[in-house]
Amino acid sequence: MKRKHISIVGVYGQGENFTTGQAVKCFEVINWFKEKYGDEQIGIVNTYAWKKNPVKLFVSMIKAFRVSDNIILMPAQHGLKIFAPMAAILKKIFGKQVHYVVIGGWLANMLDQHKILRKCVLTFDGVYVETEKMVHDLRKLGVDKVLYMPNCRKYVDKQHPVANKSKLIRVCTYSRVVKEKGIIDAIKIVQKANEFLGEKKFILDIYGKIALEFKNEFELIIAENENDVKYCGVKNSDQGAETLEQYFCLLFPTYYIGEGFAGTILDAFVARTPVIANDWKYNKDIIKNRENGFIYPFRNIEQAARDLCELYENENLYKYLQNGCHISALMYSTDAILGELDKKMK
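Notes on the structure in this doc start here. (Residues numbered from 1 in each chain as written. Predicted model: local features only at pLDDT ≥ 70, side-chain atom pairs only at ≥ 80, totals over all residues. Heavy atoms only, no water.)

1. Comments concerning the overall build of the protein chain
When its secondary structure is counted, the protein chain shows 14 helices and 12 strands. For 346 residues, the compact-globule estimate of 2.2 N^0.38 gives 20 Å, and the protein chain sits close to it at 21 Å. Counting only C-alpha atoms and orienting by the principal axes, one finds that the protein chain spans roughly 70 × 45 × 35 Å. Classification of the 346 residues of the protein chain by burial places 58% in the buried group. When contacts within the protein chain are restricted to residue pairs at least 6 apart in sequence, those whose partners lie at least 24 apart make up 75%. Of the roughly 15900 Å² of accessible surface on the protein chain, a fraction of 51% belongs to carbon and sulfur atoms. Counting 50 positive and 40 negative side-chain charges, the protein chain places the averaged centre of each group 8 Å from the other. (Helix = DSSP H or I, 4+ residues; strand = E, 2+ residues; numbered from the N terminus. Rg over C-alpha atoms; globule rule 2.2 N^0.38 Å. Buried < 20%, exposed > 50% of the residue type's maximum accessible area, 1.4 Å probe, protein only. Contact = heavy atoms within 4.5 Å. Areas by Shrake-Rupley, 256 points an atom, 1.4 Å probe, with all protein chains shown as cover. Lys, Arg positive; Asp, Glu negative; His and termini not counted. Charge placed at Lys NZ, Arg CZ, Asp CG, Glu CD.)

Here it is, written out as structure tokens:
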């Protein structure tokens with residue numbers, strides 16, 4: 001039986017330039033297929049900084065279509081306008097399968113506005129989206145080969161350490177550091193929770209690459225709230241779970257317009273670290289309120305703080321949510337999710 005040869009088109013690497021949702025998801029997908037089929041059967045068309053050498057990228061794409069049986073396309077939002085037409089043309093020339101793995105929740109809006117782009121996507125053998133709502137929205141646009149494939153993480157059995165309540169309890173955010181990810185809201189949540197408890201119990205650590213447009217404001221906020229919050233820098237794409245297992249809970253107050261199936265939540269599930277998340281976009285499809293975390297009403301700082309206090313005061317609830325995280329981590333493991341994608345390829 002012939003072994004599959006697969007080329008994956010996406011950002012691949014480690015370090016502070018590879019911590020976006022796209023980079024982390026590409027990292028998980030590429031490494032899973034490498035482990036299954038071996039490095040020699042997996043080609044990588046690395047799209048990082050492709051604009052510096054577009055000719056090299058085009059040559060790499062041609063080579064990928066020439067040697068591979070299957071192409072997995074994983075562009076970010078802006079890259080789709082380049083890579084979808086290129087892949088559609090090369091698919092017609094070489095007759096290879098193209099599987100488009102969508103990152104984020106923006107595709108339906110883009111295809112609704114760009115009919116030529118929609119025609120390109122319609123030529124693909126599969127479009128794999130992160131939520132059931134995205135399946136529904138794309139089918140309304142005539143994209144029939146759309147399938148639900150949630151985000152995923154490699155499962156590692158973690159034993160979350162017990163918080164020492166005699167000391168300050170550390171909670172964190174773990175995302176790009178931009179205002180729309182709810183960074184300022186997270187600081188307010190911790191401060192309000194301490195106010196409810198009548199003493200300082202919580203401190204916030206912030207991880208992630210700081211957006212240039214938010215840098216000055218963020219540094220000023222950190223300086224003004226230095227007793228409640230600390231910036232902890234950037235972690236590699238494979239360090240999410242091992243970082244989050246050190247924390248009492250993850251705050252996820254995002255209201256970012258392009259939010260999809262956030263991989264940060266999956267890192268928390270693997271770490272057995274309960275999540276307190278804003279009711280925004282697809283968060284409540286992933287986090288089941290009071291089963292594997294909390295969902296609070298849109299930007300309701302007070303309710304989020306009360307949820308944090310309840311977690312602190314109710315040890316049985318905390319353990320119950322940790323078990324829910326464990327169950328969810330198994331459900332969204334790379335073996336469970338990417339195994340289904342693998343079956344779709346020839």
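2. Focus: the pattern of salt bridges
Within this structure, the stated rule accounts for 19 salt bridges. In this structure, the salt-bridge partner of Lys25 is Glu130, at a minimum N-O distance of 2.8 Å. Taken together, the residues Lys25 in helix H1 (residues 21–37) and Glu130 in the loop between strand S5 (126–129) and helix H6 (132–140) connect sequence positions 105 residues apart. Taking relative accessible area as the criterion, Lys25 reaches 2% and is therefore assigned buried. Note that Lys215 and Glu219 form a salt bridge whose closest N and O atoms lie 2.7 Å from each other. One end of the pair, Lys215, and the other, Glu219, are both in helix H8 (residues 215–224), four residues apart, so they sit about a helical turn from each other. The partly exposed category is assigned to Lys215, whose relative accessible area is 34%. (Salt bridge = Lys/Arg side-chain N within 4 Å of Asp/Glu carboxyl O.)

3. A closer look at the sheet that holds strand S2 (residues 42–46)
Taken in spatial order, the six strands of this open sheet run S2-S1-S3-S4-S5-S6, and their pairing is parallel. Of all strands in the sheet, those with a lone pairing partner are S2 and strand S6 (146–148), marking the two edges. This sheet shows a mean twist of 20° between the axes of neighbouring strands, independent of strand direction. Inspection of the sheet shows strand S1 (residues 6–10) paired to S2 by five bridges, in the parallel sense. Pairing of Ile6 across the sheet is with Ile42, part of S2. (Pairing = 2+ DSSP bridges. Axes fitted to C-alpha atoms, helices over the stretch in contact; angles between N-to-C directions.)

4. Section: the environment of Val67
Structurally, the position occupied by Val67 is in helix H2 (residues 54–67). Remark: the alpha-carbon pair of Val67 and Lys201, spanning 134 residues in sequence, is separated by 58 Å. Leave out the neighbours within four places in its chain, and Val67 touches His5 and Lys96.

5. Considerations on the side chain of Asn292
Within the secondary structure, Asn292 is located in the loop between helix H11 (283–286) and strand S12 (293–296). According to the relative accessible area criterion, Asn292 is buried, its value standing at 3%. Of note is the side chain of Asn292, whose polar atom sits 2.8 Å from the backbone nitrogen of Lys288. Reaching out from Asn292, the side chain makes a polar contact with the side chain of Ser328 at a distance of 2.9 Å. (Polar contact = N/O pair within 3.5 Å; in protein donor to acceptor, adjacent residues only side chain to side chain.)

6. With respect to the pairing of strand S4 (residues 97–101)
Most of S4 sits out of view: five of its five residues are buried. Side chains of S4 alternate between two faces, with Gln97, His99 and Val101 and Val98 and Tyr100 buried alike. Here strand S3 (residues 70–73) pairs with S4 via four bridges, running parallel. Across the sheet, the residue bridging to Asn70 is Gln97, located in S4. Handedness of the crossover joining S3 and S4 through helix H3 (residues 80–94): right-handed. Where S4 meets S5, three bridges bridge the pair, whose relative direction is parallel. Looking at S5, one finds that Val101 is bridged to Tyr128. (Right-handed = clockwise from strand over helix to strand, strands pointing away.)

These figures come from the coordinates and say nothing about function on their own.
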